[in-house]
Amino acid sequence: MKSLEAAERRTLSGNASFAKSKTHSASIVAGPNVYEADEKRKGRKVIDIDCRGLEFTDFKADGEWEAKGTESSTPFMAIDLSESEWYDYDEKAEDEVSIKEITWKFQPVNPRPFLQTRVGTEMVIRLKWGQTEYKGKLESIDSYMNVLLRDTEEFIDGKNTGTLGLVLIRCNNILWMGSADNVEMTDLGLR
């Protein structure tokens, strides 16, 4: 039996649909990456997703996928992986081809290394309640992930309420945080 290279063809759907609102969002940071045939039976990172206020718990391979025969380069289009397996026949290679035993795993990333590399850069922090965000230069972060911001601006309901200067934010008050260069502050809130 020949193996295949598979790649995603359209936007992910189902339980992995991407949501965006004022308090929760998920966006693709890197990927989707092609899963090469020589990597079969090994786990491989296919996509990086930046989640803010969300946690994925399941993934359904809805939609259409594409694959290419490794020896024949025969393209296979409109593959349905919703049953977690697919079988076909490669006429050029004169052999059956398949994608099977598909598993998905979500692996949260420890945010501390991310934040340590951001010391000295502009950050945006969203609190768990209300519509309050803080934007300022990350001064430091401790082992409990309490955050100290310098030159901090406060935004409530997307409107700048003024400059606060040096602000300490206790970790359990934070819904999410990220680099300010990835977030646009508007009168309608964060985008």
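Fair warning: this is a prediction, and the values are worked out from it, not measured in the lab.

## Considering the pairing of strand E4 (residues 65-69)
Burial along E4 is one-sided: the residues Trp65, Ala67 and Gly69 are buried and none of Glu66 and Lys68 is. By the bridge criterion, 3 bridges tie E4 to strand E5 (residues 75-79) in an arrangement that is antiparallel. Bridged to Ala67 within E5 is Phe76. With antiparallel pairing between neighbouring strands as the criterion, E4 and E5 make up a hairpin whose turn holds 5 residues, including Ser73 at a positive phi of roughly 60°.

## Brief notes about the packing of aromatic side chains
Two aromatic rings are characterised by how far apart their centres lie and by the angle between their planes. On inspection of all chains with the given rule, the structure shows 1 aromatic pair. Relative to Trp86, the ring of Phe76 has its centre 5.3 Å away and its plane inclined at 70°; by these criteria the two rings are edge-to-face. A residue pair is termed long-range when its members are at least 10 positions apart, and Phe76 in strand E5 and Trp86 in strand E6 (residues 86-90) qualify at 10 residues. For the pair Phe76 and Trp86, a shared accessibility class is recorded, and that class is buried.

## Re the confidence of the model for the protein chain
When pLDDT drops low, the exact placement of atoms in the prediction is not to be read closely. On average, residues of the protein chain carry a pLDDT of 77, and 79% of them reach 70 or more. In the model, residues 1-22 has pLDDT below 50 throughout and makes 79 contacts with residues more than four positions away in sequence or in other chains. The model gives residues 187-191 a pLDDT under 50, and that stretch makes 18 contacts with residues more than four places away or in other chains.

## Overview of the sheet that holds strand E12 (residues 174-179)
Ordered in space as E11-E10-E9-E8-E12, the 5 strands form an open sheet in which the pairing is antiparallel. Edge positions in the sheet fall to strand E11 (159-169) and E12, since each has one partner strand and no second. On average, adjacent strands in this sheet sit at an angle of 25° to one another, irrespective of strand direction. In terms of strand pairing, strand E10 (residues 147-156) meets E11 through 8 bridges, oriented antiparallel. Bridging from a neighbouring strand, Ile156 pairs with Lys159 of E11.

## Considerations on the pattern of salt bridges
Throughout the structure, instances matching the rule amount to 2 salt bridges. The residue Glu133 makes a salt bridge to Arg126 at a minimum N-O spacing of 2.8 Å. Overall, Arg126 belongs to the buried group, its relative accessible area being 1%.

Definitions and cut-offs
Residues numbered from 1 in each chain as written. Predicted model: local features only at pLDDT ≥ 70, side-chain atom pairs only at ≥ 80, totals over all residues. Heavy atoms only, no water. Buried < 20%, exposed > 50% of the residue type's maximum accessible area, 1.4 Å probe, protein only. Helix = DSSP H or I, 4+ residues; strand = E, 2+ residues; numbered from the N terminus. Pairing = 2+ DSSP bridges. Phe/Tyr/Trp six-rings, centres within 6.5 Å; stacked < 30°, edge-to-face > 60°. pLDDT = per-residue confidence, 0-100. Contact = heavy atoms within 4.5 Å. Axes fitted to C-alpha atoms, helices over the stretch in contact; angles between N-to-C directions. Salt bridge = Lys/Arg side-chain N within 4 Å of Asp/Glu carboxyl O.

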